[in-house]
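Each chain, written out:
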Amino acid sequence: MSKTRSFLENLVLVVIVAVLVQTFLEDFAILQDWSVSARIRLLFLGLALDIFFTVEFVVRSYDATRRHRFADYFWVERGWIDLLASVPLVLFNSGPAALAVLAGGLSVAGMGGTLNILKVVKAIRVARVLRLLRALKIFRKIKNTDSLMAQHHVAAVSTMSVATLVLVLVVLAAGGAVVTTRSLELDYQQRLERAFVHLEEENPPRDQLHRMVETIGGILIVEREGTALYSRYTNAEYGRAFSATDYAVLERAGLTMFVDMKPLNRQNAASNLRYFLVIVVLVLGYVFIYSPRFAMIVTDPIHVMARGMEEKTYNLEVLIPREYRDHDIYRLASLYNRVFLPMKDRENAGTESESSQLTMGDVQDLFS
Amino acid sequence: MNSDSVKAKAFIARLLQNPALKGFSALQQEEQIIQFLHANAAQLAPTLSSGQFFPGKNWSQIFSLLVGALYGTINDVLTPDLEKIVSRLNFTFIQLMQQTRLEQEKAAAQVGAYLTKLKDKPETRRELTGPFTAAHFGITNRYLEEIFLRKSYIHFELTKVQRLRLGVEEVRHFLDLNLLLKPAVYLFISGSQGQDRATGMVQNQFAERALSQLGKELKALPEPVLKSVVHGSVSFNDNRFIEATARLSAIFSARGRNYQANVKVDRGADTPDKSWFSTARRNYRFYGFDIKMLDELYKIAAENMW
């Protein structure tokens, strides 16, 4: 591997770790109600990382195509994970979120008469789930065992479990955006819809409006024809604590209502963190527990048998743990111990052809 | 010493420094290098016959030079090592067996001289590898300790069948002497007469003839000891009455042949001694070993993770 390639691969590893930390912090910041500036920095960092991975996917695809092995890269080396965990995120998650921040808010005005503010947020969230796939990218970098077979099989199992989990989450999130089911989100949405319709139709006096809004909760500002009738916080407080994704604006017939999205965002962030932790623990479990275990009970005996067959003087038996002796691999190992090694020993007995531990490679320096 | 010899010695010295040869006894290292030279002759010959090494010499001449240098270098280590082993031998066990006085120095000198003879003759030098390695690394010691603690089959064979009224230390010296002198039987062999080439075992009647010869040359040692020495090369299949010490020396001599100290065991592999005894148990007929002794030694190795 060239120095440049090695540097880039190490850089990708660092960025993978960074993106896992960033993914965690982005939701943790919402849960802990960090300041807007901190959350915006995390949001743009997320966008930068998404762009980095998009570029990585493009470069890897180009490199693979140039060597006529794009299909290998995409399917065997799991380029499809690189794709799903990069381009859709820029297009449907960090990109729109960053644009919303730059544009100054999330407006869902006049949506065919139905105030379905949550469906847009949900659609963006579908893409966000794909971020979790990145935990799998770390597999390509961390090799906890020397065995290629162990690496391949453990990667396959982990990809299947994590990808299945993510796919289910994507389907559930996408389904939630299309099919409305009874939920806390829906209750929140319906409560605010009823409040908006009531304010629109009844136009209550200011003191009654105050009482009503305080009772309902979740409403930040009510304006009619540009005049503020109610505001829960001061402008300075809004500037410090509310980013573009923390509120939604409902507008119709001169009535404008700013709705607090933080309770829903917190709920989503908590749920995202749970999924994130499940996937990270799952991946770490595969890397640090299952992978060595797979190596121990599958590839190690194969390695011992391969050495025994390749090297004339190698005569160690395969260690057969009692609890695994019925496994196919250990049944084979038992035959190796009972039949092959004694046969090899008899075959080599008294011959001069016993191989030396020395090889020509050991004396190359003498001839240079 | 001419320049070719100096170069040959330097070349051999570099080979001996190779980490791959660590954990082998001097004679095992010698075998390893000879096998290396044989196996890689085609690649080594053009380079070693160049101007930098031995110009104008063909491979056969170069090989002789290198093997001569190798023997010399190994002897520098082997001779004092053998002397040390012999000097540590305590011949008291002979006095206890025979109830007669024995001159320790005289016996040691005779054995030492005989070992020089064994190491100087190529056929016996090769056969000395296993016994020397076993004695050098003290392979027998740890097993004898366990044998005497267990008081099982081997102990019964030593004390009741062979009737050795000896402690573990005396038996250890007996076994070490038995091991070191085991190749002596091949001094009386011409060609492959009476010998199984694969296992090195000799026919019973041939062993008896060798015994009488050996008795004339090693007068300091009594017949029961020499019998055990010679029977170390006789198959237990052919003679069910050979001494327990002879059977043990046959086993440990074979074990010493490919023994490597401090070998790193691969993950997933069993321990070296346990693996060796397990294979030996399955090939006991082929090598003429006593299966019951192998069973016990296998158990000892397994229990101690050797």
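Residues numbered from 1 in each chain as written. Chains lettered and ligands numbered in written order. Predicted model: local features only at pLDDT ≥ 70, side-chain atom pairs only at ≥ 80, totals over all residues. Heavy atoms only, no water.

Enquirer: Tell me about the overall build of chain B, and please be specific about residues and values.
Expert: In terms of regular secondary structure, chain B is built from 16 helices and zero strands. On C-alpha atoms alone, chain B measures out to a radius of gyration of 20 Å, which is about the 19 Å that the 2.2 N^0.38 rule sets for 306 residues. The principal-axis extent of the C-alpha atoms belonging to chain B is close to 65 × 50 × 35 Å. Considering only contacts within chain B whose residues lie at least 6 apart along the sequence, 71% involve residues at least 24 apart. (Helix = DSSP H or I, 4+ residues; strand = E, 2+ residues; numbered from the N terminus. Rg over C-alpha atoms; globule rule 2.2 N^0.38 Å. Contact = heavy atoms within 4.5 Å.)

Enquirer: Can you tell me about the pairing of strand β3 (residues 247-252) of chain A, naming the residues and giving the values?
Expert: Residues and elements named next belong to chain A. Relative to strand β4 (residues 255-260), β3 is paired through six bridges, and the arrangement is antiparallel. Looking at the pairing, Tyr247 lines up with Asp260 of β4. Hairpin geometry of β3 and β4 is characterised by an intervening segment of two residues between the two adjacent antiparallel strands and by a positive phi of about 45° at Ala253. (Pairing = 2+ DSSP bridges.)

Enquirer: Requested: an account of the environment of Trp59 of chain B, with residues and values cited.
Expert: Residues and elements named next belong to chain B. Turning to its location among the elements, Trp59 is positioned in helix α4 (residues 59-88). A residue is classified by how much of its surface remains accessible, and Trp59, at 21% relative accessible area, is partly exposed. Along the chain, Trp59 and Val230 lie 171 residues apart, while their C-alpha atoms are 38 Å from each other. Beyond its immediate chain neighbours, meaning those up to four positions away, Trp59 contacts Leu37, Ala41, Leu44, Ala45 and Leu48. (Buried < 20%, exposed > 50% of the residue type's maximum accessible area, 1.4 Å probe, protein only.)

Enquirer: Give a description of the confidence of the model for chain A that names residues and reports values.
Expert: Looking at chain A, pLDDT values average 85 and 88% of them are 70 or higher. Per-element confidence in chain A ranges from a low mean pLDDT of 62 for helix α6 (residues 117-129) of chain A to a high of 96 for helix α13 (residues 328-348) of chain A. (pLDDT = per-residue confidence, 0-100.)

Enquirer: Describe α13 of chain A, and please don't skip the residues or the numbers.
Expert: Structural remark: α-helix, 3.6 residues per turn; residues separated by three or four positions point the same way. If you check α13 of chain A, its first and last C-alpha atoms are 28 Å apart, about what 21 residues at 1.5 Å a residue would give, namely 30 Å. Looking only at α13 of chain A, the buried set comprises Ile329, Tyr330, Ala333, Tyr336, Asn337, Leu341, Pro342, Lys344 and Asn348 of chain A. Close packing links the buried residues of α13 of chain A with α12 (262-310) of chain A together with α14 (272-282) of chain B. Immediately beyond the C-terminal end of α13 of chain A, within one or two residues, lies Gly350 of chain A, with a positive phi of roughly 75°. (Expected span 1.5 Å × (residues − 1).)

Enquirer: Talk me through the interface of chain B and chain A; I want residue IDs and the actual numbers.
Expert: Quoted interface sizes are often the accessible area lost when the parts come together. Listed as interface residues are 40 residues of chain B and, on the opposing side, 33 residues of chain A. The junction of chain B with chain A conceals about 3200 Å² of combined surface from both sides, 53% of it contributed by carbon and sulfur atoms. At the boundary of chain B and chain A, one finds two salt bridges. For the side of chain B that touches chain A, the elements supplying multiple residues, two or more each, are α1 (3-16), α2 (26-39), α3 (41-48), α14 and α15 (284-287) of chain B. The greatest single-element share of the side of chain B that touches chain A, amounting to seven residues, is contributed by α14 of chain B. In the side of chain B that touches chain A, the residues fall into 17 nonpolar, 15 polar and eight charged. (Buried area = accessible area lost by both parts, 1.4 Å probe. Salt bridge = Lys/Arg side-chain N within 4 Å of Asp/Glu carboxyl O. Nonpolar A, V, L, I, M, F, W, Y, C, P; charged D, E, K, R; others polar.)

Enquirer: How would you summarise the pattern of salt bridges if you had to cite specific residues and measurements?
Expert: The final tally for this structure, using the stated rule, is 33 salt bridges over all chains. In this structure, a network of salt bridges that share partners links the residues Arg5, Asp63, Arg66 and Arg67 of chain A.

Enquirer: With reference to specific residues and values, describe the sheet that holds strand β2 (residues 227-231) of chain A.
Expert: Residue and element names in this part refer to chain A. The four strands are arranged β2-β1-β4-β3 in an open sheet whose pairing can be described as antiparallel. Each of the sheet's edge strands pairs with one partner strand only, and the pair in question is β2 and β3. Across this sheet, the average inter-strand angle for adjacent strands is 15°, counted without regard to direction. With five bridges connecting them, strand β1 (residues 219-224) and β4 associate as antiparallel partners. When the sheet's bridge partners are listed, Val222 is paired in β4 with Met257. (Axes fitted to C-alpha atoms, helices over the stretch in contact; angles between N-to-C directions.)

Enquirer: Can you lay out the domain arrangement of chain B for me, pointing to particular residues and giving the numbers?
Expert: All names here are of chain B. Assigned domains within chain B: domain 1 (1-87) and domain 2 (89-260). When each unit is reduced to the centre of its C-alpha atoms, the spacing between domain 1 and domain 2 is 30 Å. Tallying the contact residues gives 20 residues for domain 1 and 21 residues for domain 2. Counting each side, the surface lost to burial between domain 1 and domain 2 is near 1800 Å², with a carbon and sulfur contribution of 60%. When residues of domain 1 are sorted by the area they lose upon contact with domain 2, Leu27, Ile85 and Val86 head the list and together hold 33% of the total. On the surface where domain 1 and domain 2 come into contact, there are two salt bridges. A salt bridge links Glu30 to Arg125; the shortest N-O distance between them is 2.5 Å. The tally of links from domain 1 across to domain 2 stands at 13 residue pairs in polar contact (both at pLDDT 80 or more). Elements that contribute at least two residues to the side of domain 1 that touches domain 2 include exactly α2 and α4. Of the residues assigned to the side of domain 1 that touches domain 2, the class counts are 10 nonpolar, six polar and four charged. (Domains from an automatic or database assignment. Polar contact = N/O pair within 3.5 Å; in protein donor to acceptor, adjacent residues only side chain to side chain.)

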